[in-house]
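# Architecture at a glance
Here are the chains, one letter per residue:
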Amino acid sequence: MNVMGSSATAGALSATERHVWTARMIRPLTDAGVGTRQPFLRKAFQAKGSGKATLRISALGLYRAFINGKRVGDDLLTPGWTSYNDRLSYQTYEVSDLLVDGDNVIDVWLGDGWYRSQMMWAHEHALLNTWGDRIAALVEIEAGGRTILTSDESWSSGLTPILKSGIYFGETYDARLEGGPADQGVAFHEDFDPAVLVAHEVNGVKELGALKPVSSVSDAEGRTIYDFGQNAAAYVALTVAGKAGATVTVEHSEILDKGEFCNTNLRSAPCRITYVLKGDGRESYRPTFTFQGFRFARVTVTGTAEIVDIVSVPISTAVTRTGWLTTGHPLVNRLVENSVWSQRSNFIDVPTDCPQRDERLGWTGDAQVFAATACYLHDSHAFFVKWLRDVMADQRPGGEIPHVVPDPTREHEDLYAHFYGSTGWGDAISIVPHALYRHYGDLDILREALPAMIRWNDFVWSISNGPIVRPPRPWAARGFTFGDWLQPKGPSEKPLPTIGDDAAATIYLFIAAKLTAKIAGLVGDTATEQRLSERAAAVKAAFAPEFITPSGRLAYDDQTSYALAFLHDLIPEDKRAAAKDYFKATIARAGGRIGTGFIGTPALLPALVKIGEPELAGAVFLQEDVPGWLYQVKNGATTIWERWDAIQADGSVFDPSMNSYNHYAYGAVCQWLFEDVAGLKPDEDEPGFRHILFEPAIIPALSPVSAAHDSAAGRIEAGWRIEGDAVTWETTVPDGARGTLIVPVGARDIIVDGKPALLVAGEGRQRLAVGSGRHVVTFAIAR
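Summarised in this report is the structure supplied together with it. Here the structure is a predicted model, which means the values were calculated and not measured. As a convention, each chain's residues are numbered from 1 in the sequence order in which they are written. In view of the model being predicted, local features appear only for residues whose pLDDT reaches at least 70, and side-chain atom pairs are presented and counted only at 80 or more, with totals across whole chains, interfaces and linings using the full set of residues. Excluded from the side-chain calculation are hydrogens and water; included are all heavy atoms of the structure.

## Re the sheet that holds strand β36 (residues 748-752)
- Spatial strand order, β25-β32-β33-β34-β39-β36-β37: seven strands in an open sheet with antiparallel pairing. Edge positions in the sheet fall to β25 (323-326) and β37 (755-756), since each of these pairs with one other strand and no more.
- The pairing of strand β34 (residues 726-733) with strand β39 (residues 773-780) spans eight bridges and is antiparallel. Among the inter-strand pairings, Val727 is bridged to a residue of β39, identified as Phe779. For two strands to pair, DSSP has to find at least two bridges joining them. Per the convention used, a helix needs a DSSP run of H or I reaching at least four residues, while a strand needs a run of E reaching at least two, with both numbered from the N terminus.

## Some remarks on the pairing of β34
- Within β34, six of the eight residues are buried, leaving the element largely enclosed by the surrounding structure.
- Of the pairings in the sheet, the one linking strand β33 (residues 714-723) to β34 comprises seven bridges and is antiparallel in character. Across the sheet, residue Glu723 finds its bridge partner in β34, namely Ala726.
- Between the end of β33 and the start of β34, which pair antiparallel, lie two residues, with Gly724 showing a positive phi angle near 65°. Burial classification: accessible surface area is computed with a 1.4 Å probe over protein chains only, and a residue below 20% of its type maximum counts as buried, one above 50% as exposed, and the rest as partly exposed.

## Remarks on the packing of helix α6 (residues 443-462) against helix α8 (residues 526-547)
- Fitted lines through C-alpha atoms serve as axes, helices being fitted only where they are in contact, and the angles separating the N-to-C directions of these axes extend from 0 to 180 degrees. One can describe the packing of α6 onto α8 by two numbers: an axis separation of 12 Å at closest approach and a directional angle of 35°. Classified by chirality, the crossing of α8 by α6 is left-handed. Of the residues in α8, those touching α6 at Ile454, Asn457, Asp458 and Trp461 are Thr528, Arg531, Leu532, Arg535 and Val539. Throughout, a crossing is termed right-handed when the near helix is turned clockwise from the far one, and left-handed when it is turned anticlockwise from it by less than a right angle. A contact between two residues is defined here by any heavy atoms of the two lying within 4.5 Å.

## Looking at helix α4 (residues 381-394)
- Over its 14 residues, α4 extends 20 Å from the first C-alpha to the last, a length consistent with the 20 Å expected when each residue adds 1.5 Å.
- Burial analysis of α4 places twelve of its 14 residues in the buried class, which makes it a mostly covered element.
- Taken residue by residue, α4 has Phe383, Phe384, Val385, Lys386, Trp387, Leu388, Arg389, Asp390, Val391, Met392, Ala393 and Asp394 as its buried positions.
- In the core, the buried residues of α4 are packed alongside β26 (347-348), β27 (350-351), α3 (364-377), α5 (428-440) and α6. Working rule for helices: expected span equals 1.5 Å times residues minus one.

## A word on helix α7 (residues 501-522)
- The first and last C-alpha atoms of α7 sit 31 Å apart over 22 residues, in line with the 32 Å expected at 1.5 Å per residue.
- The element α7 is extensively covered by neighbouring structure, given that 18 of its 22 residues are classed as buried.
- A positive backbone phi angle near 90° is found at Gly524, which sits one or two residues after α7.

## Thoughts on the side chain of Glu613
- Within the fold, Glu613 resides in the loop between α11 (601-610) and α12 (614-622).
- Each residue touching Glu613, except ones within four places of it in the same chain, is listed here: Lys580, Lys584 and Leu608.

## Observations regarding the packing of aromatic side chains
- Pairing of aromatic rings covers Phe, Tyr and Trp, the last through its six-membered ring, and needs centres within 6.5 Å; plane angles under 30 degrees mean stacked, over 60 mean edge-to-face, and all others mean tilted. Counted according to the given criterion, the structure contains 39 aromatic pairs.
- Aromatic pair Phe543 and Phe547: ring centres 5.1 Å apart, planes at 45°, arrangement tilted. A residue pair is termed a helical-turn pair when its members lie 3 or 4 positions apart in one helix, as Phe543 and Phe547 do in helix α8 at four residues. For the pair Phe543 and Phe547, one class covers both residues: buried.
- Consider the rings of Trp641 and Tyr661, whose centres lie 5.8 Å apart with planes at 90°: the pair is edge-to-face. Residue Trp641 is located in the loop between α13 (629-634) and α14 (669-678), and its partner Tyr661 is located in the loop between α13 and α14; the two are separated by 20 residues in the primary sequence. The pair Trp641 / Tyr661 is uniform in exposure class, with both members buried.
- Counting every residue linked through ring pairs, the aromatic cluster contains Trp121, Trp363, Tyr416, Phe419, Trp425, Phe480, Phe482 and Trp485.
- Here, a charge over a ring means that NZ of Lys or CZ of Arg falls within 6 Å of the ring centre while also lying within 35 degrees of the ring normal. Between Lys164 and the ring centre of Phe169, over which it is positioned, the NZ or CZ distance is 4.4 Å.

## Remarks on the pattern of salt bridges
- In what follows, salt bridge is the name for a side-chain nitrogen of Lys or Arg lying within 4 Å of a carboxyl oxygen of Asp or Glu. In the structure shown here, the tally under the stated rule is 55 salt bridges.
- The partner of Arg116 in a salt bridge is Asp112, with the nearest N and O atoms 2.6 Å apart. Like Arg116, the residue Asp112 is buried in the burial classification.
- The residue Arg223 makes a salt bridge to Glu221 at a minimum N-O spacing of 3.2 Å.
- When salt bridges with common partners are traced through the structure, they connect Arg87, Glu201, Asp349, Lys386, Arg389, Asp390 and Glu448 into a single cluster.

The values reported here are purely geometric and, on their own, carry no functional implication.
Written out as structure tokens, the structure is:
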């Protein structure tokens, strides 16, 4: 039964519509609990006549459905991952082609999934049965305008060939056990409340194009190590031949350490696939209820069997690419593709930090710094709306936003006290909706999320001392903050030298108060707009006396402090010139290299461009030593690393206790590449790219630059090249939109679409309005 059947498309109702269920959530009596052989449900039923037939289905745990032996749909890991206590997705499939006139049978395989397999890390407190200890399914089929099948006590249950599965564990599959009987009954899941059911809100997880091995070698123990050439969230698909009872075991790793297979960074996650042959000619297999993060696979064959074929099959929810960017620098081009692959790898129903180790959690801080980049690279609208609803569901009564969403710790605070409330992380509740507004013009998500934004901002204000936030140090303390997590120097727990937690938290209080006030104004809540505008003004007024010396130096004198303060206009006018020099000095002290972590990195290069230092921004970006973006590319990375020094300059691997080679956060630099280098971004007063601002920073070392984005308004293109001191700048505005070309300061001899530009006298950048279509601008700059 583990075969592909006819594919159907998952449908969705709007968030406000509710299907009235007649089915009941049923659990198989064959289920022996977490980590045991996975069960299935079965029911024979009658179908008559032709016409449209619709299956609605959900599960506690994961499911895969088959009608008459053929798989329903091509979605993976259904029903997906949500805050299960409040929200459980169901899918809708058109199944007419799978039914026959007369006798039919449906099988629903169930797996532990996120619902009850291990969550969190074993070095603290691994969680089992996180949301429940009994897996179950809910099924209805409608045909000819009537319900012909519902899940009820008349169903039967059996055991699948999957001996064990888990998100971190992997999967053990014994093909000799295929076709087992459904010889036991079912029971109602009496605790299930159908009010939590919501129609699927996002495209399902899909298989992407398979990756063939680019090389293979045998190790000293006779195991074969395959290199698929690309790190990805994926699983292997095997074709094997051999005798019954022979086994194929697949282990996974992201890197080789000096040529040796190295998966120590997986920590307590086995990430192992075991397939037991049935001995019936060629056999094909791919896992059902799990995935791994890997580039390399080590295959061990026990008994008489051979590998006929093996491929890596990447999977993702991010299947519709919408952004492309190239430059004249090959390493930069590969960096963009690495960001694309890290987004694909970590957009598996939830925006996760990593796809490989015993974590794979929906970290809010990672999501907020990457959200804008995500919207450029792939269609991320519905994906983030769905996730934001889980953020709102998991928000604590006091307004605290969890560090991770869906939050496994919510019902386990005896083990994970106060795993919520960090500034920079909780601010995802305001920053991500605003990114969706900018990119897609979505006012509804602002309106829906505003109450949660207000509660979050009020929480941070409640732990401030006046407008200044002074977070406690212990992890388990209320109001703890991660600060500028994972800077290049110092221990990961609290890297130093760094922006102080008080400065970082206060800046984010300002950012969120100002942003939430703006959002309140957009949706017509003028009282909240005024209240939070006054709060933002109070924080800004307190910031300078607290964190800026009379000479203009910031208290912590680090790159993140200056970048965030300049980017968000927190430095008084009379101190900006001096602060600019201090800012540049922090980069000089670092040897022209980056010195920022998770919250500072997205701000660094835009801040340098804002203060008139685009070439310095380019120099920091393009340097190839550690720490730096291109260092990892030069060292063979095919995705974005969690740490700047994940592989150190001498080739040694950093401490594997926290070292992921597939973390998208530092890929947030792609927003800078699109908005400041290629120079295209939406006007926030006319969101959704109805009005496009074209404003490139001409960095000669990156020439030629070319970008395209399939926006909500249509295809946008922008690019430029420089020869000597002559710049040719080309843009394309989609039909129905308009653009504004903002010419760099100092440009001369400006020709727009073959005609001399009529410029307004005065200093600063000149603005030229253009309509839809292609536009060519030439000008000269001083070099």
